[in-house]
Amino acid sequence: MESDQFAYQRVNTQFYPFQDQAEFELGKFLCERLTQSDINRFLKLEWVHRAKPSFGSKDQLLAWMGSLPTGPKWRSMTLEITGYPTVQPVQLIWRDGLEVVEDLFANPIFANHMTYDPHVVVDSDDHEYSEYFTARQAFEIQDQLPKGATIVPIVVASDKTPVTRHTGGLEMHPIFVSIANIQSDVRMRATSHAWRCVGFMPIPKFANVHSDYQTILSQRLFHKCMDIIFANAKVAAMTGKFMPDPSGHEHTLSAIYDICRRIDPWRLREFQEEAKAHSLSDPSRFLAGEVLHTCHKFFFDHPFKWCKELVGKDELDARFKKHQDLQRTLVPSIAGVAPPQFVHVIRALIDFVYKAQSPVYTDTSIDSMVASLKEFHDHKQAILDAGARRGMKGTIEHFLIPKLELLQSFAMLTKDIGALIQWTADVTERLLITHCKLLFERTSRQSRTFTEQVVDILNREESMRQFQLYLFLRMHKTPLANAIVTEEQEITKTNPALAWIARVAPGDPNQRCFIGPHPVRNHFLKGILSSTATTAFHVTVTPDRAKMSINEVQKLYTLPDFGRLLSDYIAKASNGQPATSWSCDRGCVKTWNKFQLQLHSVFRSRLIMPSQVVQAGPPSQIFPLGNCDAVIVQSSHGDQTVNLIAQVRAIFQPIPPRHATLPHYLADQPLIYVQYYEVVSHPRDQPAVSMYTVARKYCNGPGGQRMRLGAVIHLTDVMHVVELIPVYGEGTNRRVGAETSMEVYERFYLNNFSDKEVYHTLRSDWH
């Protein structure tokens, strides 16, 4: 930045060529959001003439933006393949991959999120696998490097996307790059800018070529483009510029090289046959296991379709609360209507999918993941016996599914390159939105200059991004080198750029110029904490109902024993000597419809998870029987503490009378009224579903009537939010919907697939 040709101008005029920060922000907004025609129309507005910006036309504005210092430059080139003409010219838009990698590696924003050396993490004598640098491959490569050198593992991702609705509806392969030195929890978020686009490769259609070879030729062209983009990176890997070969599979590469010396790769049929003969077509040998497509897309393409074939679409629809919950709720939803052997197979496969998404592994947990896949294969005949695997031509009697075969490599890959969730294509899917969609919409509709416009826009964006950060630091007289600071003991997910800027210039209002996701709100700082400080709670300062008598609460919430159970709580908490300042007969309470609960991650104890909302709403028009969630609560019985499942029916706190003080057991924190469930079967009792089954717990009321067993307890007795799925049996009650199912059914599965954190907690045998 300081070596730029106009650096001398910025010694005294740091915004050069713009007058001030406001003018630069205006120009940046126009370039980012408007087409060139729209910029001209904007600059001709009377209001703009009165404001008198320094740039009077779109050409002048674009020239100024083009004069700003930039990072790795974008360019374009036309590709031709001898002997295989294309219908349209193939235009590659690209920049040097090595320059982008160096830019990422040197970016001070990531300084507190970088790893440079392989290291071993041990948990109870178990080797832990999480980040790339904790896995075997990092050690194998590092051992080959000279002293003082480190690894910069290059991560490449690509996905096809339509980028225009004009010029023939152009589709491209955007190519994204990151480095595994950046910690995975940062790298896995598209908005953290840890990924950079290095190329846009059109998807060509070859003329006069048999359809069987269209895909092969497209892949050849893709690899030709990759050779161009990463040519310097390959040289750096060979000459020792701290860059390893991205593939890391020398045996496979050397075998391909040997075949290329014997057979021209463009003699497609002969080369393909020879490659297959050497087993070079096994993707697991050179592609990292990828959770989004190998697991999630496989689930919807196969297991979910098997369930739909067996259960029926209408019956399956009736059992789902929300369609986005399919994977989470499939097992308890088909239990009862599908044969137990069939349910067993589906449950084992979903067990594997959940275990494959863990961010941290040990040898023991990898063995558990392998055991789940083996369990599926041991019982998969039940799928064929049920006739559930069907295709266009009828029943299919085999499991020759490529994605299913790839699952076999997950254990090996986890030990070699770390937790597979860090390589998921979820990131790439989001990058297509954050990096690609708006870019191509800002071009004109002229096909002739389309490629040149894209290159200009990309270079302007890179210049504006770097110049904005440069200006911010110059205004604070801060060097571009980032000082390493000690991280907080507890961290929440945030944007590393925003966190870094906040440290460089705390409290500066200009931070608004940098856009990023909001950090997770940390309720551990000011919220209500459990006795062990492992759980934080939050209720709003203003309650939903400011003042209610006990009778009003009983009527609104339809809880006839509320007053009696609150009196029981007071008697127990006061050791039989309740304070006279407040009583159920004369006292009032304030109530809330919900509270928030926040936990540390079970995988990384320093990471604070987003808070979860626990509903406890009274009957309403939308929820005629109330909207109340289930939780795990701690209950003390003598010297023992047990965990119980309960439904939160009311959240409240007594209001102190005027000129009086409440006793600590009423004033310290909100209280909750809960109704209990009892565990009626354990996972071992139903190996097909492998979930706890709970049922409503009842007792005899004061008049001998049967009623649900309830209690008033502290808010901080809550440990986890859980999801209960009704035990539907052989057929669902079509008159019962998601709004009333929790209050109508008697038995429920404790769904351990509700999220990955709960899955790990329940598998640790909470009961």
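Bear in mind that the values here come from a model prediction, so they are computed numbers and not experimental data.

Each value, and the rule that gives it
Residues numbered from 1 in each chain as written. Predicted model: local features only at pLDDT ≥ 70, side-chain atom pairs only at ≥ 80, totals over all residues. Heavy atoms only, no water. Pairing = 2+ DSSP bridges. Helix = DSSP H or I, 4+ residues; strand = E, 2+ residues; numbered from the N terminus. Contact = heavy atoms within 4.5 Å. Phe/Tyr/Trp six-rings, centres within 6.5 Å; stacked < 30°, edge-to-face > 60°. Lys NZ or Arg CZ within 6 Å of the ring centre and 35° of its normal. Buried < 20%, exposed > 50% of the residue type's maximum accessible area, 1.4 Å probe, protein only. Salt bridge = Lys/Arg side-chain N within 4 Å of Asp/Glu carboxyl O. pLDDT = per-residue confidence, 0-100. Polar contact = N/O pair within 3.5 Å; in protein donor to acceptor, adjacent residues only side chain to side chain. Core = buried A, V, L, I, M, F, W, Y, C linked by side-chain atoms within 4.5 Å. Axes fitted to C-alpha atoms, helices over the stretch in contact; angles between N-to-C directions. Parallel < 35°, antiparallel > 145°, perpendicular 65-115°, else oblique. Nonpolar A, V, L, I, M, F, W, Y, C, P; charged D, E, K, R; others polar.

Moving on, we get to the sheet that holds strand 14 (residues 535–538). The strands making up a sheet associate through hydrogen bonds between their backbones, and the pairing can be parallel or antiparallel. With antiparallel pairing, the five strands of this open sheet are ordered in space as 13-14-17-19-20. At either end of the open sheet lies a strand with only one pairing partner, and these are strand 13 (528–529) and strand 20 (627–628). Relative to strand 17 (residues 594–599), strand 14 runs antiparallel, the two sharing four bridges. Across the sheet, Thr535 pairs through a bridge with Leu599, a residue of strand 17.

This part is about the environment of Ala419. Positionally, Ala419 belongs in the loop between helix 20 (410–417) and helix 21 (426–441). Along the sequence, Ala419 and Gly289 sit 130 residues apart, while their C-alpha atoms lie 9.4 Å from each other. Once residues within four sequence positions are removed from consideration, Ala419 is found in contact with Tyr129, Ser130, Ser358, Pro359, Tyr361 and Thr414.

What follows is about the packing of aromatic side chains. Tallied over the entire structure, the rule returns 22 aromatic pairs. Centre to centre, the rings of Phe299 and Phe300 are 5.0 Å apart; their planes meet at 85°, and the pair counts as edge-to-face. A network of ring pairs unites the aromatic residues Phe18, Phe24, Phe55 and Trp64 as a single cluster. Positioned over the ring face of Tyr698 is Arg706, at 3.6 Å from the centre of the ring.

The buried fraction of helix 15 (residues 326–334) is high, at eight of nine residues. Backbone geometry just downstream of helix 15 places Gly336 in the positive-phi region, at approximately 100°.

Looking now at the pattern of salt bridges. Applying the stated criterion across every chain yields a total of 17 salt bridges. Close ionic contact of Glu723 with Arg328 constitutes a salt bridge, the shortest N to O distance being 3.0 Å. Residue Glu723 is found in the loop between strand 28 (718–722) and strand 29 (724–726), and its partner Arg328 is found in helix 15; the two are separated by 395 residues along the sequence. According to the relative accessible area criterion, Glu723 is buried, its value standing at 14%. Among the salt bridges present, the one from Glu743 reaches Arg649, with a minimum N-O distance of 3.3 Å. One end of the pair, Glu743, is in helix 28 (residues 741–744); the other, Arg649, is in strand 22 (residues 640–654), with 94 residues separating them in the sequence. The two residues Glu743 and Arg649 agree in class, both being buried. Here the salt bridges do not stand alone but share partners, grouping Arg347, Asp351 and Glu375 into one network.

Per-residue confidence for the chain averages 83 on the pLDDT scale, and 84% of its residues sit at or above 70. With pLDDT under 50 throughout, residues 242–252 is counted as low confidence; its partners more than four residues away or in other chains account for 28 contacts. Overall, residues 479–493 carries pLDDT values under 50, and its contacts beyond four positions in sequence, including any with other chains, amount to 37 contacts.

Now for the sheet that holds strand 4 (residues 126–129). If you walk across this open sheet you meet the three strands as 3-4-9, and the pairing is antiparallel. The strands lining the two open edges of the sheet, one partner per strand, are strand 3 (121–123) and strand 9 (361–362).

For Thr414, the location among the structural elements is in helix 20. With residues up to four places along the chain from it excluded, the contact list for Thr414 reads Tyr129, Ala135, Tyr361, Ile366, Met369, Ala419 and Leu420.

Within the fold, Ser178 resides in strand 7 (residues 171–179). A relative accessible area of 0% places Ser178 in the buried class. Put simply, Ser178 and Val101 are 77 residues apart on the chain and 7.1 Å apart in space, counted from C-alpha to C-alpha. Ignoring sequence-local partners within four residues, the contact set of Ser178 consists of Leu104, Pro153, Ile154, Val155, Arg187, Ala194 and Trp195. Within the structure, Ser178 has its side chain in polar contact with the backbone oxygen of Ala194 (distance 2.8 Å).

Most often, soluble globular proteins keep nonpolar side chains buried together rather than apart. With 77 residues, the main nonpolar core has Trp306, Leu330, Ile334, Phe342, Ile346 and Leu407 as its most contacted residues. Broken down by element, the residue count for this core peaks at ten residues, all from helix 16 (residues 340–355). Once you skip the residues sitting within four places of it in the chain, Trp306 turns out to touch Phe342, Ile346, Phe376, Ile383, Ala388, Arg389, Phe399 and Ile401. Core analysis: the second largest hydrophobic core is formed by 36 residues, Trp94, Val198, Phe222 and Phe230 among them.

What follows concerns the packing of helix 12 (residues 291–301) against helix 13 (residues 303–311). With their axes 3 Å apart at the nearest point, helix 12 and helix 13 run at an angle of 20° to one another. It follows that helix 12 is roughly parallel to helix 13 by the angle criterion. Here Phe298, Phe299, Phe300 and Asp301 of helix 12 come into contact with helix 13, specifically with Pro303, Phe304 and Lys305. In terms of residue class, the contact of helix 12 with helix 13 is built from five nonpolar, no polar and two charged.

Let us look at unusual backbone geometry. A cis amide bond links Tyr16 with the next residue in sequence, Pro17, at an omega value of 10°. Locating Pro17 in the fold gives a position in the segment before helix 1 (21–33). Of note, the phi angle at Asn208 is positive, near 55°, even though the residue is not glycine. Tracing the sequence through the fold places Asn208 in the loop between strand 8 (196–202) and helix 8 (211–229). For Ser690, which is not glycine, the phi torsion reads 55° and is therefore positive. Along the chain, Ser690 falls in the loop between strand 23 (671–681) and strand 24 (692–696).

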